[in-house]
Amino acid sequence: MHFSLKTRHSNFKKIVYSSSMNKQDISSIKQLLSTEKKIVIVPHKNPDGDAIGSTLGLYHYLLKGNHQVRVIVPNDYPSFLKWIPGEDTILKHDTQTVKSNTLIENADIIFTLDFNAFHRTGNMETVLAESEAIKIMIDHHQSPDDYAKFMFSDVSMSSTCEMIYHFIDMLEDTKAIDANIATCLYVGIMTDTGSFRFAATTSKTHEIVAKLIAKGANNSEIHNNVYDTNSYQRLQLLGCALRNLKVIPELRTAYISLSQEELYTYDYKKGDTEGVVNYALSLNNIIFAAIFIEDTKEGIIKISLRSKGDFSVNEFSRAHFNGGGHTNAAGGKSDLSLKDTIEKFISILSSYNKALNNE
Ligand code: 5GP
Ligand code: MN
């Protein structure tokens, strides 16, 4: 099935999204993968559960076809993902640059997963753009760039991990899914759906998850590894974030801030703030939530936005904070100070009064 979506902004190019790849693309990819290939798989910068789960799930699958396969990530990822099967084989581009670039330059095929534009890989942008490898994009973010020879882009999908399952299914090869692949894909579906509760979770998502459990994904163990391995300091940081929570009830908005000093105080580690924005969104009658996190090393304020219903944080972030993502979950950044960023956010908000109250 193919369908096209026109975005509301005329400066965005019209792009064809497909809920599956066409038959011709699938048979070309089958043909490509029928002989040994050098393959690199890349997710976005600051990889999350879906990015690591999808790249490693595809990695284990392609290894069965006797290909030479490596997952290369732009930079490090949270420790609660450092148990996923195959995780110890991942190359980090920021600290293993020469080796990573050589693999990318010599690759026959590059799969780009869970992102929609090369700049989302940070410093890998140039080497990816200049590579002559065949690019295959599998992604569920809005407004994808048009760099890939084969594109499987579907914004209705819960996660890239769910799409990897569909991809293997399109190759008529789900029998190849073993416990390792199932475990990787379960991680990303679980994290991107907020444990199967966000709106993008469908009956099909649950069907796939049931199959993954049947193939050997240990659901209880996976939840424990990802969610129940907090440090004491991380919970103290959460306490600090919750004390900083501000509510603007008339605009159905809540936001949290964390300064660099607060992050230092609670010994911040990568991933410690993941999911904190959802506490703001959990407030009764709130449909828009934000978290502003100061990063003095990068010289930016990192912003995470979440919403419920039709209010598009993707569009909000694209319009004001140099970012993007999905309708209900997006990221962005600001070059202003933490205080000025929050002031800017509040001053913009009032022009969204109607959209926020028409829910
Ligand atoms: P998070 O707030 O968890 O960092 O990101 C929420 C969603 O928005 C994720 O799907 C993420 O990939 C996407 N996202 C985060 N930051 C950016 C950004 O700066 N630009 C774009 N286009 N997407 C982003
Ligand atoms: Mn994702």
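Values in this document were obtained by computation on a predicted structure and should not be read as measured data.

Draft legend 1. How the structure looks around the coordination of the manganese ion (ligand 2). In this structure, Asp-50 (OD), Asp-114 (OD), His-140 (NE2) and Asp-192 (OD) serve as the protein donors to the manganese ion (ligand 2), at separations of 2.2 to 2.4 Å. Expressed as a motif, the donor residue spacing for the manganese ion (ligand 2) is D-x63-D-x25-H-x51-D. Here Asp-114, found in the loop between strand E6 (109-113) and helix H4 (125-130), pairs with Asp-192, found in helix H6 (residues 179-192); they are 78 residues apart in sequence, far enough to count as distant.

Draft legend 2. A look at the sheet that holds strand E4 (residues 68-73). Strands sit in the order E5-E4-E3-E6-E7-E8 across an open sheet of six strands; the sheet is parallel. Single-partner strands in this sheet number two, and they are strand E5 (91-92) and strand E8 (150-153). Taken together, the four bridges between strand E3 (residues 38-42) and E4 define a ladder with parallel strand orientation. Its bridge partner lying in E4, Lys-38 is registered against Gln-68. On top of the sheet, helix H1 (residues 23-32) reaches E6, strand E7 (134-139) and E8; it is set at about 120° to E8, its chief contact. Of the strands in this sheet, E3, E4 and E6 are in contact with helix H2 (residues 49-63), which crosses E4 at around 170°.

Draft legend 3. Focus on the site of ligand 1. Residues in contact with ligand 1, as listed here, are Arg-120, His-141, Lys-302, Ser-304, Arg-306, Gly-323, Gly-324, Gly-325, His-326, Ala-329, Ala-330 and Gly-331. Within the backbone of Ala-330, one N or O atom sits 3.5 Å away from an oxygen atom of ligand 1. For ligand 1, whose unbound accessible area comes to 490 Å², protein coverage reaches 82%. Of all the secondary-structure elements, those providing two or more residues to the shell around ligand 1 are strand E12 (300-307), strand E13 (324-325) and strand E14 (329-334). Tallied by class, residues from the shell around ligand 1 come to two nonpolar, seven polar and three charged.

Draft legend 4. Molecular detail of the side chain of His-166. On the secondary structure map, His-166 appears in helix H5 (residues 160-170). When near neighbours in sequence (up to four residues on either side) are disregarded, His-166 contacts Phe-152, Met-157, Lys-204 and Ile-208.

Draft legend 5. Structural context of the sheet that holds E13. Here we have six strands laid out as an open sheet, ordered E9-E10-E11-E12-E14-E13, and mixed in their pairing. On the outer flanks of this sheet lie strand E9 (246-248) and E13, each paired with one strand and no other. Alignment of strand E11 (residues 288-295) against E12, held across eight bridges, turns out to be antiparallel. The residue of E12 that forms the bridge with Glu-294 is Ile-301. Seen against the sheet, helix H12 (residues 313-320) touches E11, E12, E13 and E14 and runs at an angle of roughly 15° to E14.

Draft legend 6. Structural context of the packing of aromatic side chains. Tallied over the full model, the rule gives 14 aromatic pairs. On the numbers, 5.7 Å between centres and 90° between planes, the contact of Phe-311 with Tyr-352 is edge-to-face. Remark: Tyr-352 occurs in the loop between helix H13 (338-349) and helix H14 (353-357) and Phe-311 occurs in the loop between E12 and H12; sequence separation between them is 41 residues. Members of the aromatic cluster, connected to one another through ring pairs, are Tyr-255, Phe-288, Phe-292, Phe-311, Phe-316, Phe-321, Phe-345 and Tyr-352. In this arrangement the basic side chain of Lys-344 is found over the ring face of Phe-321, its NZ or CZ atom lying 4.6 Å from the centre.

Cut-off values and rules
- Residues numbered from 1 in each chain as written.
- Chains lettered and ligands numbered in written order.
- Predicted model: local features only at pLDDT ≥ 70, side-chain atom pairs only at ≥ 80, totals over all residues.
- Heavy atoms only, no water.
- Donors = N, O, S within 2.8 Å, 3.2 Å for Na, K, Ca; no water.
- Helix = DSSP H or I, 4+ residues; strand = E, 2+ residues; numbered from the N terminus.
- Pairing = 2+ DSSP bridges.
- Contact = heavy atoms within 4.5 Å.
- Axes fitted to C-alpha atoms, helices over the stretch in contact; angles between N-to-C directions.
- Near = heavy atom within 4 Å.
- Polar contact = N/O pair within 3.5 Å; in protein donor to acceptor, adjacent residues only side chain to side chain.
- Areas by Shrake-Rupley, 256 points an atom, 1.4 Å probe, with all protein chains shown as cover.
- Nonpolar A, V, L, I, M, F, W, Y, C, P; charged D, E, K, R; others polar.
- Phe/Tyr/Trp six-rings, centres within 6.5 Å; stacked < 30°, edge-to-face > 60°.
- Lys NZ or Arg CZ within 6 Å of the ring centre and 35° of its normal.

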